[in-house]
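Overview (structure and organization)
Here are the chains, one letter per residue:
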Amino acid sequence: MSHLSRNFLIFGVSKGLGKAILDAVPQTHDRVFGVSRTPPQSKQNVQWIEADLSNVYEAIAHIENTIHQERIDVLIYNVGLWEQKAFSNDYDFKNISRNEIQNMLNVNLHSCILSLQTFMDNLKRSNNAKVILIGSTWGLDNHNGKELIFSASKYALRGIAQSLREILREYQIGVSVLNLGYLATDFDIEVPVTEILKATDHQLIPLADVIAAINFIISTSAASCVKEITMPAMADRNI
């Protein structure tokens, strides 16, 4: 499949890991639909779809109206909001507003489920379709984080994947979850890994490592199913 043109649908392409995926995974002959609120600053030739996933129904309808019946070979859902004071000593679950909770659930879960439902037929048109959901170590058993809404949504992502595999098994569509730890998102994908390791004292995962995992999943045949890859930072004792 590597020598053939593929169609990608990638969510969250404007920055961080999503931008790195956009820049490093599709090849020049591939077609890419990239979803985000703000336009991606990428060298990749991408058809940008402006969408705010907190407005679930409007966003999904707009994406659907753009893609229509196009085949999708690779769908990557790289979206995950966390609480405003997450990962800090100021985190206080009791004081998180209901609006913030609803917004996180819309973006992290509701829009994910509706996207998968909406584009199932597009995936079925591929000879070797792959669905990759970007999860977190906050979705694993017995992690030590307090961030309840973020954690709940990442646990749910794994549940989505488990059921979706059974729904899509007869079509030989692979569904994978990447449970990622702390990423070096401040560094562009083109920065050498040795520089990132030195700058972060080996505490953060270079985005190139995640790209390698994604490329591995995409490279597998329709006879294989890569269920989950868990990738915490080596120095992370949270799990």
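Residues numbered from 1 in each chain as written. Predicted model: local features only at pLDDT ≥ 70, side-chain atom pairs only at ≥ 80, totals over all residues. Heavy atoms only, no water.

We now examine the overall build of the protein. Looking only at helices and strands, one finds 7 helices and 7 strands in the protein. For the protein, the N- to C-terminal ordering of α and β elements is β-α-β-β-α-β-α-α-β-α-β-α-α-β. Relative to its length of 239 residues, the protein is compact, with a C-alpha radius of gyration of 17 Å against a globular reference of 18 Å. Seen along its three principal axes, the alpha-carbon backbone of the protein occupies a region of about 50 × 40 × 35 Å. Counting the 239 residues in the protein, one finds 49% classified as buried. Contacts in the protein between residues at least 24 apart in sequence constitute 66% of all its contacts with a sequence separation of at least 6. When the accessible surface of the protein is totalled, it reaches about 12200 Å², and 48% of it is carbon and sulfur. (Helix = DSSP H or I, 4+ residues; strand = E, 2+ residues; numbered from the N terminus. Rg over C-alpha atoms; globule rule 2.2 N^0.38 Å. Buried < 20%, exposed > 50% of the residue type's maximum accessible area, 1.4 Å probe, protein only. Contact = heavy atoms within 4.5 Å. Areas by Shrake-Rupley, 256 points an atom, 1.4 Å probe, with all protein chains shown as cover.)

Attention now goes to the nonpolar core. Ranked by size, the top nonpolar core spans 35 residues in total, and within it Leu-9, Phe-11, Leu-53, Ile-63, Leu-75, Val-131 and Leu-133 carry the most contacts. Setting aside residues no more than four positions away along its own chain, Phe-11 makes contact with Val-35, Leu-53, Ile-63, Leu-75, Ile-76, Tyr-77, Asn-78, Val-79 and Ser-115. Among the nonpolar cores identified, the runner-up in size contains 29 residues, and Leu-17, Ile-76, Ile-189 and Ile-218 belong to it. (Core = buried A, V, L, I, M, F, W, Y, C linked by side-chain atoms within 4.5 Å.)

This paragraph deals with a nonpolar patch on the surface. Together, Trp-82, Phe-87 and Tyr-182 make up an exposed nonpolar region whose accessible area comes to about 320 Å². By secondary structure assignment, the location of Phe-87 is in the loop between β4 (74-77) and α3 (98-118). (Patch = residues over 30% accessible without salt bridge, like charges linked within 9 Å, V, L, I, M, F, W, Y side chains within 5 Å. Salt bridge = Lys/Arg side-chain N within 4 Å of Asp/Glu carboxyl O.)

Attention now moves to the packing of aromatic side chains. One pass over the full model with this rule turns up 6 aromatic pairs. Ring plane angle 45° and centroid distance 4.9 Å describe the contact between Phe-11 and Tyr-77, whose orientation is recorded as tilted. Note that Phe-11 is positioned in strand β1 (residues 7-11) and Tyr-77 in strand β4, a separation of 66 residues in sequence. The exposure class assigned to Phe-11 is buried, which follows from its relative accessible area of 0%. Residue class for Tyr-77 comes out buried when judged on its relative accessible area of 1%. Members of the aromatic cluster, connected to one another through ring pairs, are Trp-82, Phe-87, Trp-138, Phe-150 and Tyr-182. (Phe/Tyr/Trp six-rings, centres within 6.5 Å; stacked < 30°, edge-to-face > 60°.)

For a regular strand, side-chain orientation follows a simple rule: the groups alternate between the two sheet faces. Going residue by residue along β4, you find Val-74 and Ile-76 tucked away on one face and Leu-75 and Tyr-77 tucked away on the opposite face as well. Pairing analysis gives 4 bridges linking β1 to β4, with the strands arranged parallel. Bridge pairing in β4 links Phe-8 to Val-74. (Pairing = 2+ DSSP bridges.)

Here we take up helix α2 (residues 56-67). Taking 1.5 Å of rise per residue, 12 residues should cover 16 Å, and α2 covers 17 Å from first to last C-alpha, within 8% of that figure. Residues of α2 that are buried make contact with β1, β2 (31-36), β3 (47-50), α3 and α4 (120-124). After α2 finishes, the residue His-68 shows a positive phi value of roughly 55°. (Expected span 1.5 Å × (residues − 1).)

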